[in-house]
Every structure is written in structure tokens, then in C-alpha cells.
Amino acid sequence: MNFSYVASVTSKQAKVIDRKQFYDLLHSPTVREKVQAYRDGDTKAKGKLPAFLFHATFEGEQRGDQYAHPSGLYMLDFDHLDDAPAKVWEEMQEVMHENMPDLPSHERLAQLGIVMVHINPSGKGLRVVAKMKRGHAGFINISQWQAWLYSQLTHVGEALPVDKCVKDFSRLSFVVPHEEFLYLDDSLFTDEAEVVLENPLYGKASNSEVTKGAPFSVAAATPVVGAAIAANEGQREIRLAEV
């Protein structure tokens, strides 16, 4: 699967990244220094970090949803966690075990398409990156994939804080050092995408002109992540589709 990266938050040039470049960034002393500076109170340090764009590659390396070719990957961000992110991830693994007790750990993760889990630059959040899996033909936007994965990682009645704005194709994921990774599956670089979303914004003059018609936009998306939280509170049920 192909995805992109930018040198910093101000860069509009989104280049496709290969495996070597990816791991070089994870082991970069500069990345480590900037993340530590951000955690020490330098609020400008985060914006100087390189960032991955897992959701897409971009026509002409131009960062923007109107240039995006969806990658078949999506992110689910848990922010401002009360517990340590590593502890939250352990609890999510327990939920997966309860849901799929007959499978070993790596197969549970593969069933859900999870390829990456890491602590975010603040040290208070958790990012999960997953492949879109066959068997969910009815999902038409990133929010729906996020809601489904949320329902597979949390207990009924549990409401973890989710960043609901992570639903556009050009969304950044700031790089963190390799020691912040809790799980990483190298198949990220060898597997072909199973499912790729359509991009209704592709070729449009600007995102703002078609926001009302974009199913994954902030203004128009069905609030599926919120629905998943409501489902976990017993208001409705989201079932695991066959993979």
C-alpha cells in the first residue's frame, strides 16, 4: 500500500514514502528531539515534525483532498486519555481476546486490519492505523470505518475520547520515534490495498466548494464515530461484518 509524507505542517508537497524512508524517520534524532521539546512545553515543536498522510497519495504531490488518491488505510485517534496510552492499548487487546478467543494475538489484529499503533506526540493519545478490509461494502467514508473499529476495541458502556475530525484524505499524522510504537506490521509496505474508497472531491477546484456533498467532510459526514460510542452505551448495535 502506498501513502505519503510531508516535511512539516507548512509543507504542501506530499511525497509517496517508501519503507526505508519510513524507518529512517522513526529513528531520526531530530524527530526524537522535537517530540521531547513538545512534551516539555514548546508548542511550536509539533508543527516542525514531519508527518505521514496514511489516507492517500496525491496527484502531482499536491497536498489537498481534491488531489487525493485514497490508499486503503485509515486512522483512529484517541485523544486526551485519562490512562497511559500503553495501558489503554493493553485493555483494547483484552477486548479483542474476548471477541476472538480462539485466535492468536497477531491473527486478531489481522482480522481487524490493524497495522500500526503508537503513542502520539503529546504522550496522551493513541493512534491506530488499519487497512480497510473486504466484507464492508456498505462503508463509504472514513468515519464509518473508524466507528466499526472503535466498536471492536472497546467494551459496551465505555466511551473513550476520539478525534472526530480525522476523516479527510489529507489528514496529517505526526511522526514519533520508534520507541513510541506499540505495534507495527511490516505488511503495511508489502500488501496490496483490499478496499479503496472513492474520493468525491477529486479534481474539484477546492475542498470548500464541495463540502456539502462530501460524505467524509466535517460538515456533511454521518456522525458514525459518535454513533459507535452511543452503540457502546446500548443505544444501538454495530455488528462485526464478515471478513
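Residues numbered from 1 in each chain as written. Predicted model: local features only at pLDDT ≥ 70, side-chain atom pairs only at ≥ 80, totals over all residues. Heavy atoms only, no water.

**Q** Where do I start with the nonpolar core in this structure?
**A** Soluble globular proteins: nonpolar side chains tend toward being buried together. Counting residues in hydrophobic clusters, the biggest one holds 59 residues, and the most contacted among them are Phe3, Phe52, Phe78, Ile114 and Leu149. If one sorts the elements of this core by residue count, helix H5 (residues 142-153) sits on top with six residues. Aside from chain neighbours lying at most four places away, what touches Leu149 is Tyr74, Leu76, Leu112, Ile114, Val128 and Ala130. (Core = buried A, V, L, I, M, F, W, Y, C linked by side-chain atoms within 4.5 Å. Buried < 20%, exposed > 50% of the residue type's maximum accessible area, 1.4 Å probe, protein only. Helix = DSSP H or I, 4+ residues; strand = E, 2+ residues; numbered from the N terminus. Contact = heavy atoms within 4.5 Å.)

**Q** Please explain the layout of surface pockets as it appears in this structure.
**A** Empty space among the atoms becomes visible once a probe the size of a water molecule is rolled across them. Space inside the largest pocket adds up to approximately 310 Å³. Looking at the largest pocket, it is lined by 15 residues, and the ones nearest its centre are Lys46, Asp79, Asn120, Arg127 and Asp163. Residue composition of the lining of the largest pocket, by class: five nonpolar, three polar and seven charged. (1 Å grid on protein atoms, 1.4 Å probe; cavity = no way out; pocket = protein on both sides within 12 Å on 5 of 7 lines; lining within 4 Å. Points joined across faces, edges and corners; volume = space filled by probe spheres on them. Nonpolar A, V, L, I, M, F, W, Y, C, P; charged D, E, K, R; others polar.)

**Q** Explain the confidence of the model for the chain to me, please; I cannot follow it from the model alone.
**A** Fine structural detail should not be taken from predicted coordinates in areas where pLDDT scores are low. On average, residues of the chain carry a pLDDT of 85, and 84% of them reach 70 or more. Long-range and interchain partners of residues 207-243, a stretch whose pLDDT sits below 50, account for 77 contacts in this model, where long-range means more than four residues apart. (pLDDT = per-residue confidence, 0-100.)

**Q** Please clarify how the packing of aromatic side chains should be interpreted in this entry.
**A** Each aromatic ring pair is described using two quantities: the centre-to-centre distance and the angle formed by the ring planes. Using the criterion set out here, one finds 13 aromatic pairs in the structure. With 5.9 Å between their ring centres and 40° between their planes, Phe3 and Phe189 make a pair best called tilted. Taken as a pair, Phe3 in the segment before strand S1 (4-6) and Phe189 in the loop between strand S10 (181-184) and helix H6 (224-232) lie far apart in primary sequence, 186 residues in all. Given a relative accessible area of 0%, Phe3 falls into the buried group. Aromatic side chains Tyr23 and Phe189 sit 6.1 Å apart centroid to centroid with 45° between the ring planes, which places their arrangement in the tilted category. (Phe/Tyr/Trp six-rings, centres within 6.5 Å; stacked < 30°, edge-to-face > 60°.)

**Q** Looking at this structure, how should I read the environment of Phe189?
**A** Residue Phe189 is classed as buried on the basis of its relative accessible area of 18%. Taking C-alpha positions, Phe189 is 7.4 Å from Asn2, a pair spaced 187 residues apart along the chain. In this structure, Phe189 is in contact with Phe3, Asp18, Arg19, Phe22 and Tyr23, ignoring residues within four places of it in sequence.

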